[in-house]
Every structure is written in structure tokens, then in C-alpha cells.
Amino acid sequence: MSNISIIGTGNMARTIGARAIAGGNTVEVMGRDQSKAADLAKALGEGATTGEWGTAPAGDIVIVALLYDGVVPVVAQYGDALAGKVIVDISNPFNPTFDGLAHREETSIAQELAKAAPASASVVKAFNTIFRRVLEEGRPDVFIAGDNAQAKASVEAFIESLELRPLDVGGLKMAHWLEGAGVVTVGLANHGVGNLDFALSITELPV
Ligand SMILES: NC(=O)c1ccc[n+]([C@@H]2O[C@H](COP(=O)([O-])OP(=O)(O)OC[C@H]3O[C@@H](n4cnc5c(N)ncnc54)[C@H](OP(=O)(O)O)[C@@H]3O)[C@@H](O)[C@H]2O)c1
């Protein structure tokens, strides 16, 4: 069981929160609109609570479920309140035409988040390649990236509690390519697949 805090009250916060509660975890919801946070915590039911925006989250794992351009400013605003936390970034920084990244350099929102977070926090990229409905109803593989092995292990344990398979793609610099994979999923949704009801997964040959 993990203690999770979710910063954000939108679709992904609701979906991850519901799966987290179903998996026996506790969930604290934090929103810049306190009434939205309270409504979401109520909807998530037993095991969910409401936290106060900007204060130290109760959870050991803090999932930042915000639109990408809010992620770094909000983490900077939380500042030392995030000391020692495992921070999970799920964002997709799409360009305006959804066929590229919003940032030009070979960086990622997760790496920029790590620069804004306290040195004692660890950042893990996860969940960004999975469309919301698939995360709600399916059993998609969850690709993760991060530099701290202990932080990744705790996020992997959380993902396994959701009855999903975590797959480690490497260090935090791989978050750039996971964000690129997010762009690929949108391309597939708009072209080859034609809908949002799928997720990228890996196929292994039998050993
Ligand atoms: N939806 C998907 O299928 C999906 C899949 C994978 C990854 N993601 C990623 O998950 C993240 C959340 O997506 P979502 O679908 O949950 O979006 P959403 O439903 O639009 O919710 C966005 C949340 O971010 C908050 N927010 C936005 N800008 C903010 C800012 N500057 N400061 C503070 N809070 C801010 C909103 O708060 P208010 O309600 O107060 O405006 C809301 O709680 C995004 O980065 C997205 O790329 C989404």
C-alpha cells in the first residue's frame, strides 16, 4: 500500500485516484480550487482526503496531474513542501498541432521539474503514454523513467497495486523520449488506429 497525493483535480487525477483507491492505497487530493479537490476526494470515497494547496503533501508519492505548462511553476510554488518526496510527472507537452513537443531542446517537463524541485526530492516520469480511458478500464503497460532506483521501486510498487505492469525505460533523460512517445500515441490516434482506446505496449518473444 502506498500513500499518494495528487496535485490536480482533472481527468487524470480522477482516473489515477480511482485506480489507486481500488488498489488499496490512500489518496490525498490537492487542487488550486479547494472545492474541486473536496468534490474529487468525496467522489473517490473511503481512503481519499483533501489537502491544502501549496502545503506539504501527506503522501510519499506525489503525482502532479496538471497541464504541462503548470507543472514547473506549481512545483516551484510548493518548494520545500516537496522535500523528500517522490514526484511523478505524467504530463504531455504537445505543440499546438499535437505533432511535436512544446519544447525544442532535448529536455522534458520531468527534467525541468527536477530542476525546480528540492534536491531531496526524486522525479519519475510515468503514465504519460496512456490515454485516460485506457488507464481507467484497461491493463496497459506503464513506462517509467527516473534517476533514483529507490524512487522508481516505490512507483513500480504503486503501479503494481493498480494491477498494471511497470516497465523501466531508464534514467530521467529518457523522459524526453517518453514525451515523444506521447506524441506518437496521438499520431496513432489520428491516423493508424483512429481512436483513443489503445496504449503502446511491448511484445516479447517466448524465452
Ligand atoms: N487525459 C489523458 O488522456 C492524458 C493521458 C496521459 C497524460 N495526460 C497528461 O495528464 C495531465 C493532466 O491531464 P488531464 O486530462 O487530467 O487534464 P484536465 O482534465 O484538463 O485537468 C487539468 C488540471 O490541471 C489544473 N491546472 C491547469 N493549469 C494549471 C496551473 N497553471 N496551475 C495549477 N493547476 C493547473 C486544472 O485545474 P483547474 O480545474 O483549477 O483549472 C486541473 O486540475 C496533462 O499534463 C496531460 O498531458 C493526460
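Model, not experiment: these values are computed from the prediction. (Residues numbered from 1 in each chain as written. Predicted model: local features only at pLDDT ≥ 70, side-chain atom pairs only at ≥ 80, totals over all residues. Heavy atoms only, no water.)

Chemist: How should the environment of L162 be read in this particular structure?
Modeler: Summarising the element assignment, L162 is placed in the loop between α6 (149-161) and β8 (165-168). Looking at L162, the relative accessible area reads 4%, which means it is buried. Spatially, the C-alpha atom of L162 lies 30 Å from that of D99, the residues being 63 residues apart in sequence. Excluding its chain neighbours within four sequence positions, the residues that come into contact with L162 are R19, A20, N25 and F127. (Helix = DSSP H or I, 4+ residues; strand = E, 2+ residues; numbered from the N terminus. Buried < 20%, exposed > 50% of the residue type's maximum accessible area, 1.4 Å probe, protein only. Contact = heavy atoms within 4.5 Å.)

Chemist: Could you clarify how one ought to interpret a nonpolar patch on the surface in this entry?
Modeler: There is a patch of nonpolar side chains on the surface, built from V184, L188 and V193 and spanning about 200 Å² of accessible area. With respect to the secondary-structure elements, L188 resides in helix α7 (residues 175-190). Residue L188 is classed as partly exposed on the basis of its relative accessible area, which comes to 30%. (Patch = residues over 30% accessible without salt bridge, like charges linked within 9 Å, V, L, I, M, F, W, Y side chains within 5 Å. Areas by Shrake-Rupley, 256 points an atom, 1.4 Å probe, with all protein chains shown as cover. Salt bridge = Lys/Arg side-chain N within 4 Å of Asp/Glu carboxyl O.)

Chemist: Quick question: what am I supposed to make of helix α3 (residues 68-78) here?
Modeler: Given 3.6 residues per helical turn, the α-helix brings residues three or four places apart onto the same face. Along α3, the residues classified as buried are G70, V71, V74, V75 and Y78. Down the axis of α3, the buried set is contained in an arc of 125 degrees. They therefore lie on one face. In this structure, the buried side of α3 is in contact with β1 (3-7), β2 (26-30), β4 (61-64), β5 (86-89) and α4 (109-116). One or two positions beyond α3, positive phi appears at G79, with a value near 55 degrees. (Arc of directions from axis to C-beta.)

Chemist: Mind showing me how you'd approach the packing of aromatic side chains here?
Modeler: The description of an aromatic ring pair rests on the distance of the ring centres and on the angle between the ring planes. Summed over the entire model, instances satisfying the criterion amount to three aromatic pairs. Ring geometry for W53 against Y78: centres 5.5 Å apart, planes inclined by 75 degrees, an arrangement best described as edge-to-face. Note that W53 is positioned in the loop between β3 (48-50) and β4 and Y78 in helix α3, a separation of 25 residues in sequence. Y78 sits in the buried class, given a relative accessible area of 3%. Between the aromatic rings of F94 and F98, the centroid separation amounts to 5.5 Å while the plane-to-plane angle is 50 degrees, which identifies the pairing as tilted. For F98, a relative accessible area of 44% gives the class partly exposed. (Phe/Tyr/Trp six-rings, centres within 6.5 Å; stacked < 30°, edge-to-face > 60°.)

Any functional reading would require information beyond the geometric quantities listed.
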